[in-house]
Amino acid sequence: MKAILWTKYGPPDVLQLGEVEKPAPKDNEVLIKIIATTVTAGDCETRSLDFPIFLSLALRMWIGFRKPKENTIPGTELAGVIEATGKDVKNFKIGDPVFGAAGMAFGTNAEYICLSEDTGETGNAVAIKPKNMSFEEAATVPFGGRDALHFLRLANLQGGEKMLINGAGGSIGVFAVQLAKYFGAEVTAVDSGEKLDMLREIGADHVVDYTQEDFTKGEQVYDIIFDIIGKISFSKSNKVLKKNGTYLLANPMSQIIRGLWTKMTSGRKVIMQTASGTTENLIFLRELIEAGKLKTVIDRSYLLEEIVAAHEYVETGRKKGNLVITVGHDRKV
Ligand SMILES: NC(=O)c1ccc[n+]([C@@H]2O[C@H](COP(=O)([O-])OP(=O)(O)OC[C@H]3O[C@@H](n4cnc5c(N)ncnc54)[C@H](OP(=O)(O)O)[C@@H]3O)[C@@H](O)[C@H]2O)c1
């Protein structure tokens, strides 16, 4: 089968289209013919391992010290069709349209993947695709949607809270804005100017262009600040977070020391975590999508063989919402 080969860490052009053996499902696995997958900021970060040294070392211990070891195909989310099932699989049959995540096992930038039908420690998940989404749209939900839901559940929204979401225009943010609205919050979305119309369209009550305005100098005080991008200064933003307010940090690596310090000294709740994705969360998102309460935002679509250009675009930071990769099985390359 065709797959993107990730054989070393580095810039986008370390990725190449190649041929690998088509996988066969184990007893508890489904074989999925992938129709659409994505490239996220997380994929670019993992590909390059351009992190502070302690984090780079930790990830190298997981993925491979000098080069990716077992997981040599990138990509974490997909939508496609079940092509075969292992003998113990109960929830799926051949031909089912599905969406899902490989999580930290990677491997979705390819024509096929085998995934266990039960969620494991890598955060994998498979569920029937939302009826009212195309494969391209559905492929963008498992990563950003599940991560946003993970953090919003930790915020325990009761309705009426004022919530600020920083980095709202990306893969996690576009779902976080809509889910926060669904759970009853009044949402202020912060991102760069060209993303603000889109953020209003998906329901943000207020928008702030961070390149023009510093929200930490404003009058508004928030119950919850969800910093997706990890670039807020705690000392400044403490002024606009209520005394008993909550910080949610999706990118704790950039702020771990200051996060712990803020937690110890300010009485505010600081939640820094790696999101864990479950199949139940994927099904919850599907139900919201089918009820018309949640949609995705797609900026651009690339072909599998255009993976280098796709990574280059994601690295510009200009991506609005999500970037999709379509997998044309019969396409001649
Ligand atoms: N904790 C976890 O489990 C977990 C899971 C997945 C991902 N992550 C991390 O979460 C981060 C975000 O992921 P994502 O996929 O949503 O990224 P993304 O799609 O690139 O979105 C990030 C958004 O932040 C905006 N931004 C950049 N600098 C900003 C600033 N100073 N203030 C406000 N907004 C700013 C970017 O727009 P502009 O560039 O136009 O400004 C972009 O729209 C990544 O670093 C990823 O590694 C954490």
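### Regarding the overall build of the protein chain
Then step 1. Counting its regular elements, the protein chain contains 10 helices and 15 strands.
Then step 2. Taken over the C-alpha trace, the protein chain has a radius of gyration of 20 Å; the compact-globule value for 333 residues is 20 Å, and the two agree within 12%.
Then step 3. By its C-alpha atoms, the protein chain is 60 × 45 × 35 Å across when sized along the principal axes.
Then step 4. Looking at the protein chain as a whole, 47% of its 333 residues qualify as buried.
Then step 5. Within the protein chain, contacts between residues separated by at least 24 positions form 67% of all contacts whose residues are at least 6 apart in sequence.

### Topic: the nonpolar core
Then step 1. Ranked by size, the top nonpolar core spans 92 residues in total, and within it I32, I165, A176 and V177 carry the most contacts.
Then step 2. Mapping this core onto the domain boundaries places at least three of its residues in each of domain 1 (2-140 + 296-326) and domain 2 (144-272).
Then step 3. Setting aside anything within four residues of it in sequence, one finds A176 in contact with A148, L152, I165, A168, F226 and I228.

### What about helix α4 (residues 141-155)?
Then step 1. With 15 residues, α4 extends 20 Å from end C-alpha to end C-alpha; this agrees with the ideal 21 Å at 1.5 Å per step.
Then step 2. Where burial is concerned, most of α4 is hidden: 13 out of the 15 residues are buried.
Then step 3. Taken from the residues just after α4, N156 is the one with a positive phi, measuring 50°.

### Quick look at the packing of α4 against helix α9 (residues 279-290)
Then step 1. At a minimum axis distance of 10 Å, the contact between α4 and α9 shows a crossing angle of 100°. The angle between the axes of α4 and α9 places the two elements in the roughly perpendicular class. Contacts from V141, P142, G145, R146 and L149 of α4 reach α9 at N281, L282, F284 and L285.
Then step 2. Among the residues forming the contact of α4 with α9, the class breakdown is six nonpolar, two polar and one charged.

### Regarding unusual backbone geometry
For residues that are not glycine, phi is negative in most cases, and the peptide bond is trans in most cases.
Then step 1. Notably, L49 is not glycine yet its phi reads approximately 50°, a positive angle.
Then step 2. On the neighbour-count criterion, L49 (16 C-beta atoms within 10 Å) is partly exposed.
Then step 3. The residue F106 is not glycine, and still its phi comes out positive at about 55°.
Then step 4. Residue placement: F106 occurs in the loop between β5 (97-101) and β6 (112-116).
Then step 5. For F106, a count of 22 C-beta atoms within 10 Å corresponds to the buried category.

### Quick notes on the site of the ligand
Then step 1. Neighbouring residues of the ligand: 28 residues in total, closest A41, G167, G170, S171 and G317.
Then step 2. At the level of secondary structure, the elements contributing two or more residues to the shell around the ligand comprise α1 (41-48) and β9 (186-191).
Then step 3. Considering each element in turn, the shell around the ligand owes the most residues, three residues, to α1.
Then step 4. Looking at side-chain class alone, the shell around the ligand contains eight nonpolar, 13 polar and seven charged residues.

### What to know about α1
Then step 1. Residues A41, D43, C44, T46 and R47 constitute the buried set of α1.
Then step 2. In this structure, the buried side of α1 is in contact with β1 (2-6), β2 (15-19), β3 (29-39), α2 (53-63) and α10 (307-316).
Then step 3. Where α1 terminates, the next one or two residues include L49, which has phi positive at roughly 50°.

### Points about the sheet that holds strand β13 (residues 269-272)
Then step 1. The parallel open sheet is built from six strands, whose spatial order is β10-β9-β8-β11-β12-β13. Two strands in the sheet have a free side with no partner beyond their single neighbour: β10 (206-209) and β13. Geometrically, the sheet is characterised by an average inter-axis angle of 15° between neighbouring strands, direction not taken into account.
Then step 2. Of the strands in this sheet, β11 (222-227), β12 (241-249) and β13 touch α4, which is tilted by about 155° from β12.

### Observations concerning the environment of K33
Then step 1. Summarising the element assignment, K33 is placed in strand β3.
Then step 2. Using a count of 18 C-beta atoms within 10 Å as the deciding quantity, one classes K33 as partly exposed.
Then step 3. Not counting chain neighbours up to four residues away, the residues in contact with K33 comprise G80, V81, E83, E111 and Y112.

### Considerations on the domain arrangement of the protein chain
Then step 1. Here the domain parsing of the protein chain yields domain 1 (2-140 + 296-326) and domain 2 (144-272).
Then step 2. With centres defined by C-alpha atoms, the gap from domain 1 to domain 2 works out at 27 Å.
Then step 3. With 12 residues of domain 1 at the interface, the matching set in domain 2 holds 10 residues.
Then step 4. Looking at side-chain class alone, the side of domain 1 that touches domain 2 contains five nonpolar, five polar and two charged residues.

### Focus on the packing of α4 against helix α5 (residues 173-182)
Between two packed helices, the angle of one axis relative to the other and the distance separating the axes together describe the packing.
Then step 1. Contact geometry for α4 and α5: axes closest at 8 Å, N-to-C directions at 45°. Here α4 lies oblique to α5, going by the angle between them. Between α4 and α5 lies a crossing of right-handed hand. For the pair α4 and α5, contact is made by G144, G145, A148, L149 and L152 and by V174, F175, A176, L179 and A180, respectively.
Then step 2. Partitioned by chemical class, the residues of the contact of α4 with α5 number eight nonpolar, two polar and no charged.

The rules we used
- Residues numbered from 1 in each chain as written.
- Predicted model: local features only at pLDDT ≥ 70, side-chain atom pairs only at ≥ 80, totals over all residues.
- Helix = DSSP H or I, 4+ residues; strand = E, 2+ residues; numbered from the N terminus.
- Rg over C-alpha atoms; globule rule 2.2 N^0.38 Å.
- Buried ≥ 20, exposed ≤ 12 C-beta atoms within 10 Å, placed from the backbone.
- Contact = placed C-beta atoms within 7 Å.
- Core = buried A, V, L, I, M, F, W, Y, C linked by C-beta atoms within 7 Å.
- Domains from an automatic or database assignment.
- Expected span 1.5 Å × (residues − 1).
- Axes fitted to C-alpha atoms, helices over the stretch in contact; angles between N-to-C directions.
- Parallel < 35°, antiparallel > 145°, perpendicular 65-115°, else oblique.
- Nonpolar A, V, L, I, M, F, W, Y, C, P; charged D, E, K, R; others polar.
- Near = placed C-beta within 6 Å.
- Pairing = 2+ DSSP bridges.
- Left-handed = near helix turned anticlockwise from the far one by under 90°.

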